[in-house]
Amino acid sequence: MKKRSSAHAFNTKDFEKKFHYAGNDLGAVYSPQSTTFRLWAPTAQHVELMLFNTGHKKETPRTLAMKRDVQGTWLLNVAGDLRNLYYRYRLTQTGKSGHVEAVDPYAVAVGANGNRAMITDLRDTDPKDWDSDKKPEFEQATDAVIYEVHVRDFTIHASSGTKNAGKYLGLAEKGTRGPDGIKTGVDHLKDLGVTHVHLLPVADFASIDETKKNGQYNWGYDPKNYNVPEGWYATDPVDGRVRVREFKEMVMGLHRAGLRVVLDVVYNHTYHSADSHFQHVVPDYYYRQNAEGGFSNGSGCGNEVASERSMVRKLMIDSLVHWVKEYHVDGFRFDLMGLHDLDTMKQIRKAMDKIDPSIILYGEGWTGGDSPLPWDQRAMKTNVGRLDRVAAFNDTIRDAIKGHVAEHHSGGFVQGASDMENRLKTGIVASIKHKQVKASKDDLWNGSWAKEPHHAVSYASCHDNHTLWDKILLTTAGLNDVDRIRMYKLAAAIVMTSQGICFIHAGEELLRTKKGHENSYNLPDRINAIDWRRKIKHKDVYEYYRGLIALRLANPEFRMKTSADIRKNLYFLDMPNAGMVGYVLKGSGTSEAADKFVVIFNARAEKETVQLPGSGWNVLVDETRAGATTLRKISGDKAEIAPRSAMVLTRQA
């Protein structure tokens, strides 16, 4: 017999009109005189508040009945100072026997493992000078150079020289040094020159037992409590205030180092399904259902959150606003953004703009499986052009550079694969329409899917799939490391000089390896930790990345603001052979829009000579070095490009 779903009732305007609660007081509102609890649970028959003295120890709670209130909410005001006590809800659902327990979906602090919410005055968690925390200046999304990192990976290796290794505090710890006195940690990031630090999920997740110290690892894509920092990264996961305070200290430390902070958020699914807090509070409301009435699984993780339902949408927006206002974060990356509906993403953008228009929003423009959400409503990369300043990862350029991520032994342009030139050009122009780029009508996914450069995130690797170095190793059997590193630098140059938002995976600049493991989400530190000794071994790669970032940030031509600017100021050159791509960037701010830069990529195993537009050029980037200053001059109108390398030239002053 098929399960009968109540989901159809939740999708009606009548339900939304009757039960949508627009107030801003969901959760526990604390004062020294009393605390008011409000829970949205329209299908419940009876709700009780359970008060605890501790966050995770076994004890008999004090239990108080709540009263049904407006728009499907339940309300209770408890007199007295409840500061630093913990609570849960006990619910009896209409038509069901027995009761269930749940953590408040609006919890802002929790005890160990997130099973009890904490009643706290969040001002008690503010570090010294928190009120004067200042965000680094930033305006335009395409100016971003984003560095994606896992909190623990960054400092847990013995070579990091970090006191608070693997913790929030360690990520922003100043003055850390590795072997031979190399800069590590936040000093390394500041020296590298990136603008944003993208943190893999830091909202409370379920896979780590926070009461145990050793032998655990996870990326964190298994959310449990959306509004609370994960306790694994805190020095004390038991006291719910500590993780909140230390997270703020981390943000403030990164801001002081000139770095903005982006959070990887996972609103598309939860770790638990039938026994999740959402399901216990309002059965079947928070999740989409399949035709049989069970959990649809567009996430590939057992369920998918129904962003299109008004109180789910409200929860997402309220959560994001909380992270911005309480923690001063500067952007969000949405996991499986294709599972979120376009209207929700539009409202998220509006909510962010009310606070700070410079907050950047981007995500995975795909799903993890099929979904009941109609295609034309999904925030897929092919629909992202309908959004304002919301970007999607450009897997078109990723796979063109190094080969498809699912085809482990297949290479891309840098390894010398054939017929990659047009796809690479598509990525270079941030997947907007350009008259010199052929767009197949049968392949919208790899065509001109973006409307503006701020819709596309250009990258060669991220936490998913093989690291860039491991992918090159897999696809170049029999080749020596000298040639592989040439390919690696070529890949970096393509990303750093392409239009759109620039993104690099932590450790790319050190030739990071995960010893061949593709999916390291739960593998130990010996696989995931960044080994800072590689910064010494591959100093030339680090300096190359550093120079490319400096080049990009010094010249707005590499990060144009509009598609019209790109079409007007970027044109491709004819190349002497296959396996080569070259283009010209005209200078911005000049009345005659003269040719200012020439960028040439040569993936061939032999050097090539390229005809330049005119004579008198300075070399800024070649096969060994990169930067914003001249390496040498070319007097004539031809340039010799080394094998498997990039060259960037600019007009002589």
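Given the structure is predicted, the values throughout are model-derived calculations rather than measurements. Along every chain, residues carry numbers that run from 1 in the direction the sequence is written. In keeping with the predicted nature of the model, local features appear solely for residues at pLDDT of at least 70, side-chain atom pairs appear and are counted solely at 80 or more, and the whole-chain, interface and lining totals rest on all residues. Derived side-chain values reflect all non-hydrogen atoms in the structure, with water molecules and hydrogen atoms excluded from consideration.

A word on the overall build of the protein chain
- The helix and strand labels rest on DSSP assignments: H or I over at least four residues marks a helix, E over at least two residues marks a strand, and numbering proceeds from the N terminus. On a plain count of helices and strands, the protein chain comes out with 17 helices and 27 strands.
- Counting only C-alpha atoms, the protein chain reaches 85 × 55 × 50 Å along its principal axes.
- Note on classification: 1.4 Å probe, protein chains only; a residue is buried when its accessible area is under 20% of the maximum for its type, exposed when over 50%, partly exposed between these limits. Across the 653 residues that make up the protein chain, the buried fraction comes to 62%.
- Put simply, 70% of the contacts in the protein chain that link residues at least 6 apart link residues at least 24 apart.
- Each accessible area value is a Shrake-Rupley result obtained with a 1.4 Å probe; residue values ignore everything except the protein chains displayed when judging cover. Surface accessibility of the protein chain: about 24900 Å² in total, with carbon and sulfur atoms responsible for 48%. Whether two residues touch is decided by their heavy atoms; if any such pair falls within 4.5 Å, the residues are in contact.

Some details on the sheet that holds strand β11 (residues 196-199)
- Here, strands pair whenever DSSP counts at least two bridges between them. A barrel is described by the order of its strands in space; here eight strands give the closed sequence β10-β11-β14-β15-β16-β17-β18-β19, paired in parallel fashion. Across this sheet, the average inter-strand angle for adjacent strands is 30 degrees, counted without regard to direction.
- As judged from the two bridges shared by strand β18 (residues 456-458) and strand β19 (residues 501-505), these two strands associate in the parallel manner. Bridge pairing in β19 places Ser458 opposite Cys502.
- Sheet contacts for helix α8 (residues 310-327): β14 (260-265) and β15 (331-334); angle to β15, the most-contacted strand, approximately 145 degrees. With axes taken as lines fitted to C-alpha atoms, and helix axes fitted only over the stretch in contact, angles between N-to-C directions fall between 0 and 180 degrees.

Considering helix α10 (residues 395-402)
- Counting buried residues along α10, eight of its eight residues qualify, which places the element largely inside the surrounding structure.
- Within the span of α10, buried status applies to Asp395, Thr396, Ile397, Arg398, Asp399, Ala400, Ile401 and Lys402.
- Buried-residue contacts for α10 involve β17 (390-393), α11 (421-428), β18, α12 (468-475) and α13 (481-497).

A look at the sheet that holds strand β21 (residues 580-586)
- Overall, antiparallel pairing links the six strands, which are arranged β20-β21-β22-β27-β24-β25 in an open sheet. Every other strand in the sheet has two partners, leaving β20 (570-573) and β25 (632-634) as the edge strands with one partner each. Within this sheet the neighbouring strands show an average axis-to-axis angle of 30 degrees, counted without direction.
- As judged from the four bridges shared by strand β24 (residues 617-621) and strand β27 (residues 645-651), these two strands associate in the antiparallel manner. The residue bridging Val619 from the neighbouring strand is Leu649, located in β27.
- Running at roughly 25 degrees to β21, α11 makes contact with β20, β21 and β22 (595-602) of the sheet.

Regarding unusual backbone geometry
- Phi is positive for Asn113, which is not a glycine, with a value near 70 degrees.
- A positive phi angle, near 60 degrees, is found at Asp419, a position not held by glycine.
- On the basis of relative accessibility, which here comes to 69%, the residue Asp419 falls in the exposed class.

Comments concerning the pattern of salt bridges
- Should a side-chain nitrogen of Lys or Arg be within 4 Å of a carboxyl oxygen of Asp or Glu, the pair is scored as a salt bridge. Per the stated rule, a full pass over the model turns up 46 salt bridges.
- We note a salt bridge from Asp143 to Arg559, for which the minimum N-O separation is 2.7 Å. You can see Asp143 sitting in the loop between β9 (117-118) and β10 (145-149) and its partner Arg559 sitting in the loop between α16 (539-554) and α17 (563-569), a full 416 residues away along the chain.
- Linked by salt bridges that have partners in common, Arg123, Asp126, Lys248 and Glu326 make up one network.

Points about the packing of α10 against α11
- In the contact formed by α10 and α11, the axes pass within 8 Å of each other and the chain directions differ by 140 degrees. The pairing of α10 with α11 is recorded here as oblique in orientation. Read as a crossing pair, α10 and α11 show a hand that is left-handed. Counted together, Thr396, Ile397, Ala400 and Ile401 of α10 and Arg423, Leu424, Thr426, Gly427 and Ile428 of α11 form the full contact between these two elements.
- As a working rule, the residues Ala, Val, Leu, Ile, Met, Phe, Trp, Tyr, Cys and Pro are called nonpolar, Asp, Glu, Lys and Arg charged, and the rest polar, with Gly in that last group. In terms of residue class, the contact of α10 with α11 is built from five nonpolar, three polar and one charged. For classification, angles of less than 35 degrees are called roughly parallel, those exceeding 145 degrees roughly antiparallel, those between 65 and 115 degrees roughly perpendicular, and all remaining angles oblique. Note on convention: near helix rotated counterclockwise from far helix by under a right angle means a left-handed crossing. Clockwise means right-handed.

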